[in-house]
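So you can see what is in the structure, the chains are spelled out below.
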Amino acid sequence: MAAARQVLCLWALLGVPRVRCEPIRYSVAEEGESGSVVADVAEDVGLAPAELSARHARIVSPAGRHHFRFERGTGRLVLAERLDREQMCGRSPTCTLAFELLLVDPLHIVPVEVSVKDINDHSPVFPDERVTFKIPERGDQGSRFPLRAAQDLDVGSNDIQAYSIIPENEFFAVSFRSQIDPKSGEIRVMISLDFETTQKYEFSVRAVDGGGLSSMCKVVVEVLDVNDNAPEVVISSFGSPLPENAEIGTVVALFAVSDQDSGVNGEISCALEDQLSFSLRSDYKNYYELVTISTLDREERAQHIVVVTAADAGSPPLTTTHTFTVDISDVNDNAPIFNQTSYTMFVHENNVPALLVGAVNATDRDAGSNAKVSYSLVPAHPAEQEPCSCVSVNSENGHVFVLRPLDYEQLKQLDVVVSAADAGSPALSSNVTVRLMVVDENDNAPLVLHPAQDSSPPSSEVVPAWAEAGDLVGKVVAVDADSGQNSWLSYELLKATEPGLFAVGAQSGEVRLRRPLTDRDTVKQKLIVLQSPAAEHEDSSLTTYLIVSLVFVSLLFLVSAVAFVACKVCKRKDLSSGHVLYGASNVQSYVADGAASGTLPHAYCYELSLTTGSGNSEFKFLKPILPSLTMQHCSTEPGAQFNGF
Ligand SMILES: *[C@@H]1O[C@H](CO)[C@@H](O)[C@H](O)[C@H]1NC(C)=O
Ligand SMILES: *[C@@H]1O[C@H](CO)[C@@H](O)[C@H](O)[C@H]1NC(C)=O
Ligand SMILES: *[C@@H]1O[C@H](CO)[C@@H](O)[C@H](O)[C@H]1NC(C)=O
């Protein structure tokens with residue numbers, strides 16, 4: 001068109017003097033009504049409308065004719081049709097229509113340019129009406145998500161001027177880098193999102209053009225759950241301490257577990273660390289019971305540490321642990337136990353009153369008052385009344401006392417039962433036997449049985465004049481009420497008319513001749529025999545002096561003596577057949593000797609007892625079976641003297 005104009009211009013310059021090269025410029029807003037006036041051309045050309053009509057003024061270029069019409073009567077240029085700038089020129093910033101107005105007679109060509117002005121006849125348009133973003137929670141702050149930009153067909157100030165988020169919120173912002181890429185924008189996350197607070201955001205992005213037209217794009221942000229919450233354990237009840245006799249299945253604690261995450265991130269499983277006594281039971285949803293699965297024993301274990309671990313199924317899983325400290329309280333389930341199965345205590349006879357002789361000790365595995373042990377004496381047999389009043393036990397410390405002096409000769413041993421009871425309710429107890437052994441003291445003087453000690457007549461022995469050295473002339477027989485060493489006796493010759501004539505067996509008490517009798521020897525001989533305890537520590541007060549009178553008889557007395565012996569033998573036979581018991585042959589021989597030699601009066605009978613278990617002992621102990629001979633008798637008359645002549 002420009003080339004055509006130049007041709008016309010050149011032609012006009014060459015052939016027609018009235019040619020105009022500079023175009024007349026007009027502008028018209030788009031979208032004007034058909035027939036509306038664009039410009040008054042007659043005036044601009046400087047011709048009256050009638051002249052323009054006479055010169056057949058008309059638009060020559062077809063493009064111009066299409067859009068405009070020239071009214072010859074008025075000389076004005078009007079729109080032939082509605083103009084749409086966007087249709088004609090697109091997004092081009094300028095939109096110009098050029099054409100020529102032709103006059104004839106003379107030929108005159110007038111170039112005309114009409115600039116079509118934009119009006120804001122289009123709204124911005126988003127390519128998507130609605131967009132959805134899935135954004136994981138706890139993402140980096142400031143992360144961006146692309147959003148396709150809105151378009152506006154208008155140009156210039158009628159184009160899109162601004163975007164905004166409606167309603168405004170602190171979490172998101174929108175930005176469009178229009179210089180670089182006008183078609184792309186983005187939504188920025190301003191604050192880290194938290195699924196547990198809000199799972200979904202809905203808002204709109206609004207685009208506004210310069211003329212105030214706008215449009216919206218709906219944005220939905222779905223927050224994606226991330227396993228960012230550990231399970232929580234909430235204790236509803238917890239019972240501690242737990243009595244040790246709690247039955248199996250006792251509920252110790254009730255708790256609930258929860259997790260704020262969703263899906264697998266919120267699926268919880270609970271477990272106990274290896275535990276033999278406790279287990280978890282879940283009856284309802286996320287509620288768990290901690291129950292006992294075995295019997296408890298405080299004496300074995302007074303405290304249980306139970307660790308519960310709750311884990312979700314996220315990847316990686318998050319866990320929470322809770323520790324239950326279960327104390328076991330005591331129940332009186334243990335009786336006191338003595339540290340020995342039996343006790344043996346010793347007391348020397350004639351003890352001082354209230355003598356401490358030993359202690360029993362019992363311990364109780366329970367705790368507190370269930371373990372507080374007190375001691376008491378109980379009857380050995382339920383039928384019995386009070387236990388022996390001579391023994392007592394301290395209820396606090398188990399000390400055993402002998403309350404009054406004991407006499408070995410009356411009581412050699414005593415069994416008492418001590419009970420140890422705890423202070424539980426009901427109380428438990430156990431019994432133990434305490435054997436009290438009375439230890440003999442040398443408190444009894446020997447009792448001389450022969451010669452008889454009652455005053456008159458003093459015992460005398462008859463010795464034949466022809467007796468030889470070594471012949472038995474008599475025998476001192478004594479017993480001691482004490483036992484053991486305390487009853488061992490010894491004899492010695494203390495004084496004699498003729499000291500060289502007699503010897504006394506230290507242990508046997510036998511008086512024998514040391515040499516044959518001679519005529520010079522006195523007919524009556526008097527001997528004092530010292531008989532004393534053989535114990536190491538001799539008690540001189542217990543020594544007995546015996547006086548033995550011996551009469552030597554002449555042949556003249558022989559007959560009567562023989563008769564006397566014969567009589568004795570007869571009586572002895574009577575005795576042995578009925579009443580006398582001999583336990584050992586050697587003793588029997590002693591007695592027989594004595595009897596044979598007429599030294600044992602028939603009035604005495606003997607019972608044999610041996611020293612403690614030793615058959616070989618040289619010492620023999622004879623006990624009277626005559627009840628009338630009390631020990632006191634002996635001890636009150638130590639060293640009784642007999643004066644037979
Ligand atoms: C038992 O207890 C008593 C008193 O405390 C003590 O004397 C004795 O030695 C104990 N016996 C043992 C076997 O421990
Ligand atoms: C009993 O025995 C226990 C342990 O053997 C000891 O601790 C306690 O002191 C004893 N009690 C008495 C009274 O001796
Ligand atoms: C202890 O002995 C008493 C009296 O004999 C009796 O009643 C009690 O049952 C005994 N206790 C135990 C634990 O044997």
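Residues numbered from 1 in each chain as written. Chains lettered and ligands numbered in written order. Predicted model: local features only at pLDDT ≥ 70, side-chain atom pairs only at ≥ 80, totals over all residues. Heavy atoms only, no water.

Under an unreviewed UniProt entry, the name given to the protein chain is Cadherin domain-containing protein, and the organism recorded is Callipepla squamata. For the record of the protein chain, the UniProt heading Function (unreviewed entry) holds the text "Potential calcium-dependent cell-adhesion protein. May be involved in the establishment and maintenance of specific neuronal connections in the brain." If you open the UniProt record of the protein chain and go to Subcellular location (unreviewed entry), you find "Cell membrane". (UniProt positions renumbered as here; feature names shortened; annotations may be inferred.)

Draft legend 1. Structural detail: the environment of Val 523. Following the sequence through the fold, Val 523 ends up in the loop between strand E38 (510-513) and strand E39 (524-533). Overall, Val 523 belongs to the partly exposed group, its relative accessible area being 46%. In sequence terms Val 523 and Ala 465 are 58 residues apart; their C-alpha atoms lie 9.2 Å from each other. (Helix = DSSP H or I, 4+ residues; strand = E, 2+ residues; numbered from the N terminus. Buried < 20%, exposed > 50% of the residue type's maximum accessible area, 1.4 Å probe, protein only.)

Draft legend 2. Main features of the sheet that holds strand E25 (residues 355-359). Strand order in the open sheet made by the three strands is E25-E29-E28, with antiparallel pairing throughout. The sheet is open, and its two borders are formed by E25 and strand E28 (391-393), each paired with just one other strand. For this sheet, the mean inter-axis angle between neighbouring strands, taken without regard to orientation, is 25°. (Pairing = 2+ DSSP bridges. Axes fitted to C-alpha atoms, helices over the stretch in contact; angles between N-to-C directions.)

Draft legend 3. Main features of the packing of aromatic side chains. In this structure the tally under the stated criterion is 13 aromatic pairs. A ring pair is formed by Phe 171 and Tyr 201, whose centres lie 4.9 Å apart and whose planes are at 50°; its orientation type is tilted. Residue Phe 171 is located in the loop between strand E10 (160-166) and strand E11 (172-176), and its partner Tyr 201 is located in strand E13 (residues 200-209); the two are separated by 30 residues in the primary sequence. In this structure an aromatic cluster arises from ring pairing among Phe 171, Phe 172, Tyr 201 and Phe 203. Seen from the ring of Tyr 408, Lys 412 lies directly overhead, with NZ or CZ sitting 4.6 Å from the centre. (Phe/Tyr/Trp six-rings, centres within 6.5 Å; stacked < 30°, edge-to-face > 60°. Lys NZ or Arg CZ within 6 Å of the ring centre and 35° of its normal.)

Draft legend 4. Structural view of unusual backbone geometry. A cis amide bond, omega 5°, links Ser 240 with the succeeding residue Pro 241. In this fold, Pro 241 is placed in the loop between strand E15 (232-238) and strand E16 (242-243). At the junction of Ser 315 and Pro 316, the peptide bond is cis and its omega measures out at 0° in the coordinates. Along the polypeptide, Pro 316 turns up in the loop between strand E21 (303-312) and strand E22 (319-329). A positive phi angle is found at Glu 31, which is not glycine, with a value near 65°. Structurally, Glu 31 is set in the loop between strand E1 (24-29) and strand E2 (37-40). The class for Glu 31 is partly exposed, based on a relative accessible area of 23%.

Draft legend 5. Up close: the site of ligand 1. In the neighbourhood of ligand 1, the contacting residues comprise Asn 339, Gln 340, Ala 359 and Asn 361. Gln 340 is positioned with one of its side-chain polar atoms (N or O) 2.9 Å from a nitrogen atom of ligand 1. Measuring from an oxygen atom of ligand 1, one finds a side-chain N or O atom of Asn 361 at 3.5 Å. Expressed as a share of its isolated accessible area of 360 Å², the protein-covered part of ligand 1 is 43%. For the shell around ligand 1, the class distribution of residues is one nonpolar, three polar and no charged. (Near = heavy atom within 4 Å. Polar contact = N/O pair within 3.5 Å; in protein donor to acceptor, adjacent residues only side chain to side chain. Areas by Shrake-Rupley, 256 points an atom, 1.4 Å probe, with all protein chains shown as cover. Nonpolar A, V, L, I, M, F, W, Y, C, P; charged D, E, K, R; others polar.)

Draft legend 6. Representation of the sheet that holds strand E7 (residues 108-117). Spatial strand order, E1-E7-E6-E3: four strands in an open sheet with mixed pairing. On the outer flanks of this sheet lie E1 and strand E3 (58-59), each paired with one strand and no other. Bridge count between strand E6 (residues 96-103) and E7: eight bridges; the pairing is antiparallel. Within E7, the residue paired with Leu 101 across the bridge is Val 110.

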